[in-house]
Structure formats: C-alpha cells, structure tokens
Amino acid sequence: MAKKYTCPYCFKEHDFDDVEFRCVNGFCSEKVQDEQYARYLGLKKESMPKTNATFCSKTVLPKLFRGHYMPMWENCPFCETKTSIRVCPDCHNELPEGIQDNEDMIIAIVGSRDTGKTHFISVLIDELQKRICPNVFNGVFNPMNDAIYKHYKENFYNKVYIQKQLQDLTATANQRGETAVRKPLIFEMMIPLDEKGKKVRKFTFVFYDTAGEDLKNEAIMKTVNRYICKAAGIIFLLDPLQIMELRNNMDDEEIKSSSSILANEIEPQEMVLQRIANVIREERGLKKTQKINVPTAVAFSKFDVLKRFFPKGSIVLEPSSYLREGQLDKSEWFTVSCEIEAMLKEWGAGSFAKNVEMIFEKYTYCTVSALGQRPVLSKTGGAKTLESVPRPHRVEDPFLWLLKENNIIKEK
C-alpha cells in the first residue's frame, strides 16, 4: 500500500510520489502566474505576480518502490537548476522538509471570539524558540522558511513584543473570503538524541490562528477550519470572562481591560465544543456516541484576571515546573488538571466539563497567561496597551502535554 502525506495548507492527501518542485533560480527563463496558488488564496490567476514555475518529478522508481518514497530533488526542465523545494500539487504551497518522515503535527488552537488565541500563539512560539527548546531539550525551534519567519514577525511577534499593543481580533472567513485562510505557522523542532548531538530527531509543527467567530458556523468550519480534523492535538482556550459567574464577580475595569465582547454576546462554550466534535466525527465517520481520540488540552486563558479566585497554595499560582530532565512531571500536571476541573465546576461550568468528558478520550485542564498582565486602558477608554513585554505564566503547559500524548517526550 502506497504511503501518503497530507498537505498542511489545503489538507489534500497524496501518495508520496505525487509531488511537484519549484525552481529556485531567480534568472530562470520560465515565469508563470501560478493558478493553483491563486486558487488557494482565493484570488484570480491574473492578479498574481509572475514567479518560478513548478514541475513534476521525472524520477521513475521500480514498480516495487512506487508510492513508498518521496523524491528529494529534481532539475528544472527549463534551466537545469537543481532544486529541493517540494510543493503540493494541489495548492502549490511549499511542503515541510520532513513531511515524508510522518513526524509533522497539526496543533489546532481553538476557542470562541476574544479568548486570546493570537496572543497565545505569539508568546508560545517565542518561549519555545528562546527558552524551552534550547534550555530543556538542548534543541532548536525554527520557522520552516523565510516566508514563515516574516509572517510570524510581522503578524504576531512585533505587535506584542516591540509595539507592546494588543493584537486585533482575527478576521473571520466572511471578511477574508473562505479560501483566503490565513497561512499557518510552520515550525521545525530538532532535538538531539545523544549527548554528542550526532543523532537528531526532527518534528514539524503547524499552528493555525483562525477567528473564533468562524466556530459559530458549522458550514464554515467544514471548509475554513478543516485543520481541526487533521489535528494531532487540540488546545481549547477558555476565556474566564465568558463564564458568567466569574464575570459577575469582576469589576468594570477588569472586564473592560481584558474583554472586547459584551455579556449578551457570550455563547455557551459547550456549543463551541459540540460544533468541533460534529465536524471531526463527520470527517472520521464516527457515531455521536463515540469519543474522539484527539488529545485535547482545555486551557483557561487570561490567568492574570483569574488567579485571585484560586485558594492560596494552589499549584497553578506557581510557575510551571512540568519538565524535569526533559520529561513531563506526571504528578504536577495531574494535580493542576484536577484543581482546575474542580474550580470549573464550582464556577457553574459543570455542563462544559461534562461535555469535555463525554466528547474526548484524553483531555486535561490547565491555565495560561500569555501576556502575564492586564492591558492598560487609555484615559479615553479606547486603545489598550501593555506596560511591558509579555511575562507569560504556564503558557507552555498545554503544548508540552500534547507532546507527551504524541510520544515525543516522556513522563515521570
């Protein structure tokens, strides 16, 4: 049976030998307006700038090996330049280098409107790059290519770390056009397997940031949010200001500085969960009574406004020490999860907790603060700014738990 891969952009499945290449020679004589890439972006071919052409591999493998090996390089038929840039034959996006190793993971970061998904992604990636991978795993966490680096810097990092401003709410599918989905962030993590670093294991992570508003419409989810169905793990962000019992115990300044939605716009979070479950079950052919086997971390965001509700001595109030010797501390994450689940029920969100239990085979609870501070309101009550660069609290917890569930790190 032929090996297959799934494009992390358009989610089409292909045999290993069904791949195209793009020429890397800037002086190549063949320049085209890429119709497939234009279609992926929701644009007309005529509006695309001319770029290097793509072409199929000329490598002919013996029949026994066809569909089991992915071509690594090819010569451009127009200028003879050697290229290793492989692209999806459907959407013409560049494929991650390690896609043939089947060690690529889609991390679905979901949640309703204004739960802080963009801030979470911005800070999590920075923490993985600068602190966790080099200090804990003795490895690196890098963008797949220059385009991903530029996308992350311009649309995520600069806003919160340089300009110290809040991210705007992510545009919805209707505002962008259903096919013009915001490009994913694709990062590669390389971890040495021995002390000398001669053996290295490489993983590819695909992060998506889509509007919470899109989760209100199951039809849009089936097109725009198809990545959820392919996810190796889900991080479901839960905004404490969208739990009415908590919101009613906060003052106006807390609400205005940490929330952009009104009380009458709040939707029950179990409804969002049900829509996600419906889309995954339909894609995978599961009955409504069958649990979904995608590991799911339910994470309270905006912990800076939530921490005063936890009793003194709670582990969640302390910085994370999940990782010891590169392994997940089972005792700590179990205690944290139980603490938060108990508090969730105490705050009147027992229905949500029961839905999580009924939908997912494996789940955990955690709490994060990407910014580590309450935004500062301007004197006019308009724009919100940050007093300092982010000071994250436990932002890595859900990601590390998903690594453990996907057998990338161990627990002790």
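Residues numbered from 1 in each chain as written. Predicted model: local features only at pLDDT ≥ 70, side-chain atom pairs only at ≥ 80, totals over all residues. Heavy atoms only, no water.

Tallying secondary structure elements over the chain gives twelve helices and 20 strands in all. Excluding contacts between residues fewer than 6 apart, the proportion of contacts in the chain whose partners are at least 24 apart in sequence is 72%. When the accessible surface of the chain is totalled, it reaches about 19500 Å², and 49% of it is carbon and sulfur. (Helix = DSSP H or I, 4+ residues; strand = E, 2+ residues; numbered from the N terminus. Contact = heavy atoms within 4.5 Å. Areas by Shrake-Rupley, 256 points an atom, 1.4 Å probe, with all protein chains shown as cover.)

Interpreting fine coordinate detail is not advised for predicted regions of low pLDDT. Of the residues in the chain, 88% have a pLDDT of 70 or more, and the chain-wide mean is 85. In the predicted structure, residues 170–181 sits below a pLDDT of 50 and forms 31 contacts with residues beyond four places in sequence or in another chain. (pLDDT = per-residue confidence, 0-100.)

The next point concerns the sheet that holds strand S18 (residues 363–367). Across the sheet, seven strands lie side by side as S11-S12-S13-S10-S14-S15-S18; this open sheet has mixed pairing. At either end of the open sheet lies a strand with only one pairing partner, and these are strand S11 (140–143) and S18. Shown here is a sheet whose adjacent strand axes are inclined to one another by a mean of 25°, direction ignored. In terms of strand pairing, strand S14 (residues 233–238) meets strand S15 (residues 296–300) through five bridges, oriented parallel. Directly across from Leu237, in S15, lies its bridge partner Ala299. Together, strand S10 (104–110) and S14 form the strand contacts of helix H8 (residues 269–284), whose direction differs from that of S14 by roughly 160°. Here helix H10 (residues 330–346) sits on the sheet in contact with S14, S15 and S18, set at roughly 80° to S18. (Pairing = 2+ DSSP bridges. Axes fitted to C-alpha atoms, helices over the stretch in contact; angles between N-to-C directions.)

This brings us to helix H11 (residues 350–359). Those residues of H11 that fall on the buried side of the exposure criterion are Phe352, Ala353, Asn355, Val356 and Ile359. Each buried residue of H11 lies within a common arc of 160° when the element is viewed along its axis, so the set occupies one face. (Buried < 20%, exposed > 50% of the residue type's maximum accessible area, 1.4 Å probe, protein only. Arc of directions from axis to C-beta.)

Here we take up the side chain of Glu74. Among the secondary structure elements, Glu74 is positioned in strand S7 (residues 74–75). No salt bridge is formed by the buried Glu74; its nearest oppositely charged neighbour, Lys58, is found at 4.6 Å. A polar contact is formed between the side chain of Glu74 and the backbone nitrogen of Lys58, at a distance of 2.8 Å. Not counting residues within four places of it along the chain, the set of residues in contact with Glu74 comprises Phe21, Phe55, Cys56, Ser57, Lys58, Thr59, Thr81, Lys82 and Thr83. (Lys, Arg positive; Asp, Glu negative; His and termini not counted. Salt bridge = Lys/Arg side-chain N within 4 Å of Asp/Glu carboxyl O. Polar contact = N/O pair within 3.5 Å; in protein donor to acceptor, adjacent residues only side chain to side chain.)

Looking along a regular strand, one sees side chains alternate from face to face of the sheet. The element S10 is largely enclosed, with a buried count of six among its seven residues. Judged from the five bridges that link them, S10 and strand S13 (residues 200–208) form a sheet pairing that is parallel. Directly across from Ile107, in S13, lies its bridge partner Phe207. As defined by bridge partners, S10 adjoins S14 across four bridges and the pair is classed as parallel. In the strand pairing of S14, Ile107 is matched with Gly233.

When charged atoms on two side chains of opposite charge get close, those side chains can pair. As enumerated under the stated definition, the model contains 21 salt bridges in all. We note a salt bridge from Lys404 to Glu411, for which the minimum N-O separation is 3.6 Å. Looking at Lys404, the relative accessible area reads 11%, which means it is buried. Three or more residues are tied together by salt bridges with common partners; here these are Lys362, Lys404, Glu405 and Glu411.

Our next topic: the nonpolar core. Judged by nonpolar contacts, the single largest core of 112 residues is most densely connected at Phe205 and Phe207. Considering every element that reaches this core, the biggest residue donor is helix H2 (residues 117–137), with nine residues. If we ignore the near neighbours within four places in the chain, the residues touching Phe205 are Met105, Ile107, Phe141, Leu185, Ile186, Phe187, Met189, Phe399, Leu403 and Ile408. (Core = buried A, V, L, I, M, F, W, Y, C linked by side-chain atoms within 4.5 Å.)

A word on the side chain of His151. Of note, His151 is situated in helix H3 (residues 146–162). Looking at His151, the relative accessible area reads 12%, which means it is buried.

To continue, consider H8. Spanning 16 residues, H8 covers 23 Å between terminal C-alpha atoms, matching the ideal 22 Å at 1.5 Å per step. Here H8 has its buried residues at Gln269, Val272, Leu273, Arg275, Ile276, Ala277, Asn278, Val279, Ile280 and Arg281. Backbone geometry just after H8 places Gly285 at a positive phi near 70°. (Expected span 1.5 Å × (residues − 1).)

Our focus in this paragraph is the packing of aromatic side chains. Using the criterion set out here, one finds 18 aromatic pairs in the structure. Considering the side-chain rings of Phe141 and Phe187, the 5.3 Å spacing of their centres and the 10° angle between planes classify their relative orientation as stacked. Here Phe187 lies in strand S12 (residues 185–192) and Phe141 lies in strand S11, a separation of 46 residues in the sequence. Overall, the relative accessible area of 1% leaves Phe141 in the buried class. When its relative accessible area of 1% is taken as the criterion, Phe187 is described as buried. An aromatic cluster of at least three residues, connected via ring pairs, comprises Phe141, Tyr152, Phe156, Tyr157, Tyr161, Phe187, Phe205, Phe207 and Phe399. Seen from the ring of Tyr161, Lys130 lies directly overhead, with NZ or CZ sitting 5.8 Å from the centre. In this arrangement the basic side chain of Lys153 is found over the ring face of Tyr157, its NZ or CZ atom lying 3.7 Å from the centre. (Phe/Tyr/Trp six-rings, centres within 6.5 Å; stacked < 30°, edge-to-face > 60°. Lys NZ or Arg CZ within 6 Å of the ring centre and 35° of its normal.)

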